[in-house]
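Listed below, chain by chain, are the residues.
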Amino acid sequence: QVQLVESGGGLVQAGGSLRLSCAVSGGTLSSYAMGWFRQAPGKEREFVARMSRRGTSTSYADSVKGRFTISRDNAKNTVYLQMNSLKPEDTAVYYCAADTMSRVVFMNVKAYDYWGQGTQVTVSS
């Protein structure tokens, strides 16, 4: 059974940085394309970033482009999301997700087969 566990969330002031981690167990990270999503209160879960299985391709939501960076360490079975220049509107629960089929359409939650439990990120103004 594949399990994803996020960590690294917390409270930070606007303009600050956080690095989220997602540890994968029960499976081989190099077999999955990996994504990060977030969900703010009262809103739908939205796409943030994605990295291809081999790490050769990345995609970002326009709202985070230039501020967030997704990376992966397949040897450690861990995916990261470096978040810089944080804004209050980045406040949300952040989830990592694994796509076992490297789907072409990947900004939808339905493209992912496994999900973590989420980690809260709060950015104060």
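Keep in mind that this is a model prediction, so the values were computed, not measured.

Student: Sorry if this is basic, but what is going on with the sheet that holds strand β8 (residues 78-83) here?
Tutor: Picture the strands of a sheet paired through backbone hydrogen bonds; they go either parallel or antiparallel. With respect to topology, four strands assemble into an open sheet ordered β1-β3-β8-β7, the strand pairing being antiparallel. Edge positions in the open sheet fall to β1 (3-7) and β7 (68-73), since each of these has one partner strand only. When strand polarity is set aside, the average angle formed by the axes of neighbouring strands in this sheet is 15 degrees. Sheet topology places β7 next to β8; six bridges connect them, and they run antiparallel. Counted as the bridge partner of D73 is T78 from β8.

Student: Sorry if this is basic, but what is going on with the pattern of salt bridges here?
Tutor: Where charged atoms of side chains with opposite charge meet at close range, the side chains can pair. Taken as a whole and assessed by the stated rule, the structure comprises seven salt bridges. The residue R103 makes a salt bridge to D113 at a minimum N-O spacing of 3.1 Å. With R103 in the loop between β9 (92-99) and β10 (114-115) and D113 in the loop between β9 and β10, this pair connects stretches of sequence that are 10 residues apart. What makes D113 partly exposed here is its relative accessible area of 32%.

Student: When you look at the state of the cysteines in this model, what are you seeing that I'm missing?
Tutor: What makes a disulfide is a covalent bond joining the sulfur atoms belonging to two cysteines. Tallying each qualifying case throughout the model produces one disulfide. What pairs with C22 in a disulfide is C96, and their sulfur atoms sit 2.0 Å apart. Between C22 and C96 the sulfur-sulfur dihedral comes to about 55 degrees; the bridge is accordingly right-handed. Of this pair, C22 sits in strand β3 (residues 18-25) while C96 sits in strand β9; the two residues are 74 residues apart in sequence, bridging distant segments of the chain. Residue classification places C22 among the buried residues on the basis of a relative accessible area of 0%. Overall, the relative accessible area of 1% leaves C96 in the buried class.

The rules behind each value
- Note that residues are indexed from 1 along each chain, following the sequence as it is written.
- Local features in this predicted model are restricted to residues whose pLDDT is 70 or higher, and side-chain atom pairs enter the listing and the counts only when it is 80 or higher, whereas totals over whole chains, interfaces and linings include all residues.
- Side-chain descriptors were evaluated using all non-hydrogen atoms of the structure, hydrogens and water having been removed beforehand.
- Only strands joined by at least two bridges in the DSSP assignment are considered to pair.
- Runs of E in the DSSP output that reach at least two residues are strands. Runs of H or I that reach at least four are helices, and both are numbered from the N terminus.
- Only the contacting stretch of a helix is used when fitting its axis, a line to C-alpha atoms as for every element, and angles between N-to-C directions run 0 to 180 degrees.
- Here, a salt bridge means any Lys or Arg side-chain nitrogen found within 4 Å of an Asp or Glu carboxyl oxygen.
- Whether a residue is buried, partly exposed or exposed follows from its accessible area with a 1.4 Å probe, protein chains only, as a fraction of its type maximum: under 20%, in between, or over 50%, in that order.
- Here, two cysteine sulfur atoms that lie within 2.5 Å of each other are counted as a disulfide.

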